[in-house]
Amino acid sequence: MSKFDSRELRDGFGEFLTGVTVVTTRDADGEPAGLTVNSFSSLSLDPPLALFSIGKSADTFAAFEAGNGFVIHVLAGDQADMSLQFSTKEIDRFDGVEWNPGLDELPLIAGTLATFECSREHTYDGGDHLILVGRIERFTVGDRTRPALGYFRSRYISQA
């Protein structure tokens, strides 16, 4: 049991400016699954590794926990609507989103700043989250003149 008020702690974490990503996979039935994540981090260049964490209460948790891979999509400043769509429960998050199958048929969203197609390397328990480490098998970088989408103090910001 934490000795901190969870709202106050969350507000404290909100003082750290993060980037915004959408992470995708496929569920046990082969259907695309995804969610908005700001807990993405590069981890290693050799071997090429990246990580993110997912809340154990997330509606897509089972898909990511069982999956063999995932794709991290770094969002541009004009993609806040996509971030909101992928953070909304009980909707088809892929509705109206242009995507194609990438490596291992994982959903690869078009038009993001960067994508990292990953095979699952490790998972670690992280309290109320699961930490997933992926080996980057392929990546792309989009238009570097577009600003990035950020998240700070519970608000989206766009920065160059």
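That block above? That's the structure.
Residues numbered from 1 in each chain as written. Predicted model: local features only at pLDDT ≥ 70, side-chain atom pairs only at ≥ 80, totals over all residues. Heavy atoms only, no water.

Participant: What is the right way to look at the overall build of the protein chain in this model?
Facilitator: Summing up its helical and strand segments, the protein chain has 3 helices and 12 strands in all. C-alpha extents for the protein chain along the principal axes are approximately 45 × 40 × 35 Å. Here the protein chain holds 160 residues, and the buried ones make up 38% of them. For the protein chain, the proportion of contacts with a sequence separation of at least 24, taken over those separated by at least 6, is 62%. Counting only carbon and sulfur atoms, one obtains 51% of the accessible surface of the protein chain, whose full area is about 9,500 Å². Across the protein chain, 14 positive and 24 negative side-chain charges occur, with their mean positions spaced 6 Å apart. (Helix = DSSP H or I, 4+ residues; strand = E, 2+ residues; numbered from the N terminus. Buried < 20%, exposed > 50% of the residue type's maximum accessible area, 1.4 Å probe, protein only. Contact = heavy atoms within 4.5 Å. Areas by Shrake-Rupley, 256 points an atom, 1.4 Å probe, with all protein chains shown as cover. Lys, Arg positive; Asp, Glu negative; His and termini not counted. Charge placed at Lys NZ, Arg CZ, Asp CG, Glu CD.)

Participant: What's the story with the layout of surface pockets in this structure? I'm lost.
Facilitator: The probe, sized like a water molecule, is rolled over the atoms to show the empty space still left. What the largest pocket holds in volume is close to 1,500 Å³. What lines the largest pocket is a set of 37 residues, and nearest its centre among them are Arg-10, Phe-13, Asn-38, Ser-39 and His-129. Within the residue set of the lining of the largest pocket, elements represented by two or more residues are α1 (6-13), β3 (32-37), β5 (49-55), α3 (80-87) and β11 (148-152). Among the elements that take part in the lining of the largest pocket, α1 stands out by supplying 6 residues, more than any other. (1 Å grid on protein atoms, 1.4 Å probe; cavity = no way out; pocket = protein on both sides within 12 Å on 5 of 7 lines; lining within 4 Å. Points joined across faces, edges and corners; volume = space filled by probe spheres on them.)

Participant: Would you explain the nonpolar core in this entry?
Facilitator: Nonpolar side chains tend to gather and get buried jointly when the protein is soluble and globular. Counting 19 residues, the largest nonpolar core has Val-23, Phe-52, Ile-54, Phe-64, Phe-70 and Phe-116 as its most contacted members. Listing elements by their share of this core, those giving two or more residues are β3, β5, α2 (61-66), β6 (69-74), β9 (114-126) and β10 (129-141). Setting aside residues up to four positions removed in sequence, Phe-70 forms contacts with Val-23, Thr-24, Phe-52, Phe-64, Leu-106, Phe-116, Glu-117, Cys-118, Leu-132, Val-133 and Gly-134. (Core = buried A, V, L, I, M, F, W, Y, C linked by side-chain atoms within 4.5 Å.)

Participant: Honestly, the pairing of strand β2 (residues 21-26) in this entry has me stumped. Any pointers?
Facilitator: Each regular strand carries side chains that alternate between the two faces of the sheet. Where burial is concerned, most of β2 is hidden: 5 out of the 6 residues are buried. Looking at chain direction, β2 and β3 are connected through 6 bridges and run antiparallel. What sits directly across from Thr-25, in β3, is Ala-33. Hairpin connection, β2 to β3: the antiparallel pair is bridged by 5 residues, and Gly-30 has positive phi, about 85 degrees. (Pairing = 2+ DSSP bridges.)

Participant: Teacher, can you tell me more about the sheet that holds β5 here?
Facilitator: Sheet architecture is open: 7 strands sit in the order β3-β2-β6-β9-β10-β5-β4, paired in antiparallel fashion. Two strands lie at the open edges of the sheet, namely β3 and β4 (41-44), each paired on one side alone. Each strand of the sheet is rotated relative to its neighbour by a mean of 35 degrees, with strand direction disregarded. Pairing of β6 with β9 involves 6 bridges; the strand directions are antiparallel. By the bridge assignment for β9, Phe-70 is matched with Cys-118. Sheet contacts for α3: β2 and β3; angle to β3, the most-contacted strand, approximately 115 degrees. (Axes fitted to C-alpha atoms, helices over the stretch in contact; angles between N-to-C directions.)

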